[in-house]
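# Structural features, examined
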Amino acid sequence: MKAAFPFSAIVGQERLKLALRLVAVDPKIGGVLIRGPKGIAKSTAARSLARLLEAIEGRPVPFVDLPLGASEDRVVGTLDVTRALREGERRFQPGLLFQAHNGMLYVDEVNLLTDYLIDILLDAAATGLLIVERDGISERRTARFQLLGTMNPDEGELRPQLLDRFALCCDLEDLSTPEQRALAVRRRLDFDEDPAAFERAFAEPEHLEAERLSAARVQLSGLKLPGAFVDAVARYALAQGAQGLRADLILCRAARAHAALSGRTEVGWEDVQPVEELCLAHRRRQPPDGGTPPPTPGRKPEDLP
């Protein structure tokens, strides 16, 4: 198995690591969009999550790259021409979305995707199914995956329909201290020099991380969301100017996963505050009538009107 940069070796970026931990604990939360400048470990973190999930689940976890210029045939699948010519058999050759089933579909510079690829992703994300009818082939297959995207906002925005399909959105900044930057560079140099040795050096922290996430998954199954808590989240999301119900749903799920990560037996408002920016940063809207702007993050439900 090819060596991968360990999750536990990533320097700083605590908000990003929290977002990835949340979707590892509860995949039903959905995907993660990582926004930030180039060279701050966006893709490294995404790939490290797949390796961590393999340790948790004890099975290979597909991690499929979707190239920006991929053809529709490559994305959804097409006729296996080689087999058709050699054996005279018309058989379907699965595309990248099918290959990502029960795993992750990773799109670097997702804001630069062509419109036709965005439409395909939207359909797959909404239904979990792909229907392919072409070249005399009719296929209907399940394609459920977590969508991980990275983008540099300076290079353009993401279409709103696709933006909303990312459950969590993490805005990153460059490492802020010389000490952090130097440590990150040293670790990258060590990994590039001898990836296997670097992985072994972080085997124990990776094992502890996997154990923590596994325990949180068990904890999650026993956590319920009280009606009063859901009511408070709904009022808070509305006050924040979040459009649609997806924000409320994801905020509830993310808070529940955070409580599980923290080893708590009840979900409380202390679990909302660490995750609210991840859930709402890309969903806040100013009131259309120009009225009072949404409250600042961190306000408690009893503070709301």
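Throughout this description, residue numbers start from 1 for each chain and increase along the sequence as written. Only residues with pLDDT of at least 70 get local features here, since the model is predicted, and only at 80 or more are side-chain atom pairs given and counted; chain-wide, interface and lining totals rely on the full set of residues. Based on all heavy atoms of the structure, the side-chain values leave hydrogens and waters out of the count.

Before going further, it helps to examine the nonpolar core. If you look at the biggest cluster of nonpolar residues, it comprises 61 residues, and the most contacted ones within it are L22 and L168. For helices the rule is a DSSP run of H or I covering at least 4 residues; for strands it is a run of E covering at least 2, with both sets numbered from the N terminus onward. Top contributing element to this core by residue count: helix α12 (residues 246–261), with 10 residues. Sequence-distant contacts of L168, defined by excluding residues within four places in its chain, comprise A19, L22, V23, I29, G31, V32, L33, I250, L278, C279 and H282. Ranked by size, the runner-up nonpolar core spans 30 residues in total, among them V76, V107, L121 and M151. In these notes, a set of buried Ala, Val, Leu, Ile, Met, Phe, Trp, Tyr and Cys residues joined through side-chain atoms within 4.5 Å is what counts as a nonpolar core. For every residue, the accessible area (1.4 Å probe, protein chains only) is compared with the maximum for its type, and the residue is labelled buried under 20%, exposed over 50%, or partly exposed between those bounds. Two residues qualify as a contact provided that any one of their heavy atoms is within 4.5 Å of a heavy atom in the partner residue.

Relative orientation and spacing of two packed helices are given, respectively, by the angle between their axes and the distance between those axes. Closest axis-to-axis distance for the helix α1 (residues 14–25)/helix α10 (residues 203–221) pair is 9 Å, and the angle between their directions is 50 degrees. By the angle between their directions, the pair α1 and α10 is classed as oblique. Like other packed secondary-structure pairs, α1 and α10 cross with a definite hand, here right-handed. Every residue of α10 that contacts α1 at R21, A24 and V25 is listed here: E209, R212, L213, A216, R217 and L220. Residues that form the contact of α1 with α10 fall into these classes: five nonpolar, no polar and four charged. Whenever a helix is involved, its axis is fitted only over the stretch in contact; in every case the axis is a line through C-alpha atoms, and angles between N-to-C directions fall within 0 to 180 degrees. For classification purposes, an angle smaller than 35 degrees is called roughly parallel, one larger than 145 roughly antiparallel, one from 65 to 115 roughly perpendicular, and anything else oblique. Here a crossing is called left-handed whenever its near helix is offset anticlockwise from the far helix by less than a right angle, and right-handed whenever the offset is clockwise. Side-chain classes follow a simple rule in which Ala, Val, Leu, Ile, Met, Phe, Trp, Tyr, Cys and Pro form the nonpolar group, Asp, Glu, Lys and Arg form the charged group, and the remainder, Gly included, forms the polar group.

Running from amino to carboxyl end, α1 crosses α12 at an angle of 95 degrees, the nearest separation of the two axes being 9 Å. With respect to α12, the element α1 is oriented roughly perpendicular. Two secondary-structure elements touch here, α1 through L18, R21, L22 and V25 and α12 through A254, A257, H258, A260 and L261. Of the residues belonging to the contact of α1 with α12, the class tally is seven nonpolar, one polar and one charged.

Here we come to the pattern of salt bridges. By salt bridge we mean one thing: a side-chain nitrogen of Lys or Arg within 4 Å of a carboxyl oxygen of Asp or Glu. Inspection of the entire model under this criterion finds 11 salt bridges. Between E54 and R51 there is a salt bridge, and its shortest N-O distance comes to 3.9 Å. In this pair, E54 and R51 are both assigned in helix α2 (residues 42–57), three residues apart and thus about one turn of the helix distant. One salt bridge connects R51 with E199, and the closest N-O pair in it is separated by 2.9 Å.

Let us now look at the state of the cysteines. Two cysteine sulfur atoms make up a disulfide if the distance between them is within 2.5 Å. Applying the stated criterion to the full structure yields zero disulfides. In this structure C169 is not part of a disulfide, and its nearest cysteine sulfur, from C170, lies 7.4 Å away. The structure places no disulfide on C279, whose sulfur is separated from the nearest cysteine sulfur, that of C252, by 9.3 Å. Look at C279 and you get buried, because its relative accessible area is 0%.

Before going further, it helps to spend a moment on unusual backbone geometry. At Q13, a residue that is not glycine, the phi angle is positive and equals roughly 55 degrees. Within the secondary structure, Q13 is located in the segment before α1. Residues other than glycine seldom take positive phi values, yet N102 does so here, at roughly 65 degrees. Relative to the assigned elements, N102 resides in the loop between α5 (96–99) and β5 (103–108).

This paragraph deals with the layout of surface pockets. One water molecule sets the probe size; rolling that probe over the atoms shows where empty space is left. Empty space within the largest pocket amounts to approximately 710 Å³. In this analysis the probe radius is 1.4 Å and the grid spacing 1 Å, with only protein atoms considered; a cavity is a set of points the probe fits into but cannot get out of, a pocket is an open set with protein on both sides within 12 Å along at least five of seven lines, and lining residues have an atom within 4 Å of a point. Lining the largest pocket are 29 residues, and of these P27, K28, G30, F145 and Q146 sit closest to its centre. Mapped by element, the contributors of at least two residues to the lining of the largest pocket are α2, α6 (115–127), β8 (145–151) and α12. Grid points are joined across faces, edges and corners, and a volume is the space filled by probe spheres set on the points.

The quantities given are spatial measurements derived from coordinates; they are silent on function.
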